[in-house]
Each structure stands twice: as structure tokens, then as C-alpha cells.
Amino acid sequence: MRNYEIRQNIISLLKSTGRKGIDTTIAYLENSDFFRTRCHSHHRYFGGLARHSLEACRYALANAGSLPESSVIIATLLHDVCTSKSLETTGIGGHGRRSVSILRNVCGLSLTKDEWDAIRLHMHGKAPQMKTNQLAALVNRADHVSAGGRCKLPA
């Protein structure tokens, strides 16, 4: 799948949520380097962050069970939004916390408590919330499946 198709898929999925603040969030992604940058330790190539986010989303949607689709889309596609470079990311500490802060405070995206925890804790599989928050556990698993190369988009 080409970078342009990945970008279109992500935007379409985000718009499908109908969430308050989603248009501002999409504008933020387009004005940052979200669709062009690489991930820091995997997907280390042009557009790797967007590809990783879409891979995680596809995996999570296929394994979501009864979780709300909009929550799965938002939490997986935006879990690493802080990795993109923009002026708004400076001075906010902590990877997951920085993503949540950008989404809520910069983009004005309305997040549920489960989404907030899922994004904030996506790298912390041993956090107590992983036992009580199914979305957080799913995002953590989807993140690791994609990062480990076990979830690929079509060429």
C-alpha cells in the first residue's frame, strides 16, 4: 500500500468516528510530519509512523470483539501522535502522556476515559489498567504486533 493510500485510509477512518475535534485532529496530522516520518525503533522509513498506526488499527479492528469501533480507531491510529514533529510537542513529557495532551489540548479531541488510558498506557503492558480496560490491552497488543512485523498492510 502506497503512502498516499495509507493517508487516505487513516483520514477516512478518523472521519468515520464523527468525534468532536476530529477535523482539527486531521488538520494537525497533515500539518505535522505524521504521514512522512518514521517510527523510532521500527518502521524506520518514510511514512513508517502512518503505516504502523494503520497496521495497529487493522489488527485491533479485527480483534475488537464488542469494543466500540470509534474508540478502537481513535486509540490505535493516534496512539503515537506525539512521535510526529510539530511546535506543539515541545515541553510535554512522557510518550503516551504527550500524545493524550496533544489530542485533548491542541486538537480539542474528545476522548473517553478508556481511550485516554489506552493511548497513555499503550507501551505499558503490565499496568493495572490492562486487566480492567479491554481497549488499553487491545491497543497495547496491536502496537506490539505491528512493531514486531507480524501485521503487514498489502503492498
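Please refer to the structure higher up on the page.
Notes on the structure follow. (Residues numbered from 1 in each chain as written. Predicted model: local features only at pLDDT ≥ 70, side-chain atom pairs only at ≥ 80, totals over all residues. Heavy atoms only, no water.)

**What to know about the pattern of salt bridges**
- By the definition in use, this model includes 4 salt bridges.
- A salt bridge links K113 to D117; the nearest nitrogen and oxygen atoms lie 3.1 Å apart. With K113 and D117 both in helix α6 (residues 113-120) and 4 residues apart, this pair spans about one turn of that helix.
- Classification of K113 by relative accessible area gives exposed; the value is 54%.
- The exposure class of D117 is buried, given its relative accessible area of 5%.
- In this structure, a network of salt bridges that share partners links the residues K113, D117 and R120. (Salt bridge = Lys/Arg side-chain N within 4 Å of Asp/Glu carboxyl O. Helix = DSSP H or I, 4+ residues; strand = E, 2+ residues; numbered from the N terminus. Buried < 20%, exposed > 50% of the residue type's maximum accessible area, 1.4 Å probe, protein only.)

**Quick notes on the nonpolar core**
- Formed by 41 residues in total, the largest nonpolar core has its most connected members in I10, L14, L29, L77 and L78.
- Secondary-structure elements contributing two or more residues to this core are α1 (3-16), α2 (22-31), α3 (48-62), α4 (69-77), α5 (95-106), α6 and α8 (134-147).
- When residues of this core are assigned to their parent elements, the largest contribution, 6 residues, is made by α3.
- What L77 contacts, discounting residues up to four positions off in sequence, is I10, L13, L14, F34, S53, L54 and C57. (Core = buried A, V, L, I, M, F, W, Y, C linked by side-chain atoms within 4.5 Å. Contact = heavy atoms within 4.5 Å.)

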